[in-house]
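In case you want the letters, here they are:
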Amino acid sequence: MDDVIIIGGSFAGLAAALQLGRARRKVTVLDTGLPRNRFAGHSHGLLGHDHKPPQDILAAARQQLVRYPTVRLVNARADSVSGAIDHFSVRTGDGESLGARRLILSYGVADQMPDVPGFAESWGTSIVPCPYCDGFEVAGRHWGVLWSSPQSHQSVKLFQHWTDKLTIFADGHDIAPDIQADLAHRNVPVIEGRIVEIAHHEGHITTVNLDTRRNIAVDVLFAHPRNKPSASLHESLGLATVDTPTGIVLKVDERRQTSVPGIYAAGDLATPFLPSVTQASSQGAMAGIFAQQSMLV
Ligand SMILES: Cc1cc2nc3c(=O)[nH]c(=O)nc-3n(C[C@H](O)[C@H](O)[C@H](O)COP(=O)(O)OP(=O)(O)OC[C@H]3O[C@@H](n4cnc5c(N)ncnc54)[C@H](O)[C@@H]3O)c2cc1C
C-alpha cells in the first residue's frame, strides 16, 4: 500500500510528489499527460522557468523526481476511487488496483471550447485567458476582449495597463448602460453581434467574424471559456465544491484538505481565483506536506 496516491501529475501533482518523496513517503502519481496549458508555446511567470515550453518544465520535474526511490510515476488514468481515510482504493484505466492512506487530487480542469470555427484552433496561440501569462508579449498591440460577465469590465481596466488598443466583443451579452458609458469614456469600442468564426492562420487570428457581417481585425483575443474538472472522481467521493464565474472548484481548508478527511486537493481543480503554474506548484507542495503531517503518529 502507498502512503499517498496523487491523481494528476502536472505542476500541482509533481510538486506534491517532490515533498512526499523528500519526506521518504511511498507515493504513486497517476497522470494522463494533458496539462491545461499544453496549447501554449511558452509558460510565463514561474520563477526560474519563465518563457519555457510547459512540457519542458514538466519533463525537468519528472527527471528530478527520479532521485526519490519511493516515488513512482505512472502514465495511467485514475478511473474510480473508493474507501475512506487510511484505506483508499484507486482503480486505473489499465485495470490496476492501488491502495493508499491518503489521496491528493490534482487532475486540473478542462476548458470548454465554444462551438465557433477557429476558436479551438487558436486557443493558446492568439486566444488566451490571462494577461499575466501572455500580456507582455503582445503589449501595445490591438487586443480583443470577449465579454462574458460584468467582471469583464474589470478586465478592461486591467488590460489598459498593457495596451490602449482594446475592442470589446459583446457576443450577445447586454452590457449595462453605466458600463457602456464608462467604456465610451475610456475610448473602448463595443462591437455588437454574435461571433460566428475566428479567421486565423495557423492559430494566429486575422479577424473576428460576426453574424452582423462585420469582420474585425485584432492581434489577440482574451477570453474566459467555461471549464469543468478534468475527471469526475470528486463527484463519486461526494466532495464539496464552490462556484466560480467559469465553473466549479473543490472546496479545501487552509491545509488543502477537502470536505472528506484524508483527501487533499491542489492546483486548478481547487483554485477559485487566478489559477497559475505558480499557484499549482505552491498548493501541490503544501498538499504534500499536510498529507505527510496528517500521517504522523
Ligand atoms: C492557454 C493557456 C495558457 C496558460 N499559460 C500560463 C502561463 O503562461 N503561466 C501560468 O502560470 N499559467 C498558465 N496557464 C494556467 C496553467 O496551465 C494552469 O494553472 C496549470 O496547468 C495548473 O496545473 P495543475 O497541475 O493544477 O493542472 P494541469 O496542469 O491541468 O494538470 C492536470 C493533470 O492531470 C491529468 N489528469 C486528468 N485527469 C486524470 C485522471 N483521471 N487520472 C490521471 N491523470 C489525470 C492531466 O492529464 C494533467 O496532466 C495557462 C492556461 C492556459 C489554458
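This one's a predicted model, so the numbers in the text were calculated from it and none came from an experiment.

**Observations regarding the overall build of the protein chain**
The secondary structure content of the protein chain amounts to 8 helices and 19 strands. Here the protein chain has a C-alpha radius of gyration of 21 Å; the compact-globule value for 297 residues is 19 Å, and the two agree. Overall, the C-alpha framework of the protein chain stretches about 65 × 35 × 35 Å when taken along its three principal axes. Counting only residues that meet the buried cut, the protein chain has 48% of its 297 residues in that class. Accessible surface for the protein chain amounts to roughly 14,700 Å². Of this, 52% is attributable to carbon and sulfur atoms. Positive and negative side-chain charges of the protein chain, numbering 26 and 29 respectively, have mean locations separated by a distance of 8 Å.

**A word on the domain arrangement of the protein chain**
Per the domain assignment, the segments of the protein chain are domain 1 (2-111 + 226-293) and domain 2 (119-222). Each of domain 1 and domain 2 has a C-alpha centre, and these two points are 32 Å apart. With 7 residues of domain 1 in contact, the opposing surface of domain 2 contributes 8 residues. Interface of domain 1 and domain 2: buried area, both sides summed, is about 650 Å²; carbon and sulfur atoms make up 55% of it. Run the count over domain 1 and domain 2 and you get 0 salt bridges. On the surface where domain 1 and domain 2 come into contact, there are 2 residue pairs in polar contact (both at pLDDT 80 or more). Of the residues that constitute the side of domain 1 that touches domain 2, the class distribution is 4 nonpolar, 2 polar and 1 charged.

**Focus: the packing of aromatic side chains**
Taken as a whole, this structure holds 6 aromatic pairs when the rule is applied. When the centroid spacing of 5.5 Å and the interplanar angle of 85° are considered together, the rings of Tyr132 and Trp162 count as edge-to-face. Taken as a pair, Tyr132 in helix H4 (residues 131-134) and Trp162 in the loop between helix H5 (151-159) and strand E10 (166-169) lie far apart in primary sequence, 30 residues in all. By relative accessible area, which is 18% here, Trp162 ends up buried. Arranged with centres 4.8 Å apart and planes meeting at 45°, the rings of Phe159 and Phe222 form a pair that is tilted.

What counts, and at which threshold
- All residue numbers here refer to positions counted from 1 along the written sequence of the relevant chain.
- Per-residue local features are limited, in this predicted model, to residues with pLDDT of at least 70; the limit for side-chain atom pairs, both in listing and counting, is 80 or more; totals at the level of whole chains, interfaces and linings are taken over all residues.
- Hydrogens and waters are ignored; side-chain quantities use all the structure's heavy atoms.
- Strands here mean DSSP runs of E at least two residues long; helices mean DSSP runs of H or I at least four residues long; both are numbered from the N terminus.
- As defined in this context, the radius of gyration uses C-alpha atoms, and a globule is described by 2.2 Å times the residue total to the power 0.38.
- Working definition: with a 1.4 Å probe on protein chains only, accessible area under 20% of the residue-type maximum means buried, over 50% means exposed, and in between means partly exposed.
- Surface exposure here means Shrake-Rupley accessible area, sampled with a 1.4 Å probe, where a residue is shielded only by the protein chains that are shown.
- For the purpose of charge, His is not counted, nor are the chain termini; Lys and Arg are scored as positive and Asp and Glu as negative.
- Where a charge lies is defined by one atom per residue type, namely NZ (Lys), CZ (Arg), CG (Asp) and CD (Glu).
- Those domain boundaries reflect an automatic or database domain assignment.
- Contacts between residues were defined by any pair of non-hydrogen atoms, one from each residue, lying within 4.5 Å.
- Note: buried area is the sum, over both parts, of the accessible area (probe 1.4 Å) each one loses when the two are combined.
- Any carboxyl oxygen of Asp or Glu within 4 Å of a side-chain nitrogen of Lys or Arg constitutes a salt bridge here.
- Whenever two N or O atoms come within 3.5 Å, that pair is a polar contact, provided that in protein one can donate a hydrogen and the other can accept it, and provided that, for residues adjacent in sequence, both atoms are side-chain atoms.
- The nonpolar class holds Ala, Val, Leu, Ile, Met, Phe, Trp, Tyr, Cys and Pro. Asp, Glu, Lys and Arg form the charged class, and all remaining residues, Gly among them, are polar.
- Note on aromatic pairs: the rings of Phe, Tyr and Trp (six-membered ring only in Trp) are paired at centre separations within 6.5 Å, and the planes decide the class, stacked below 30 degrees, edge-to-face beyond 60, tilted for the rest.

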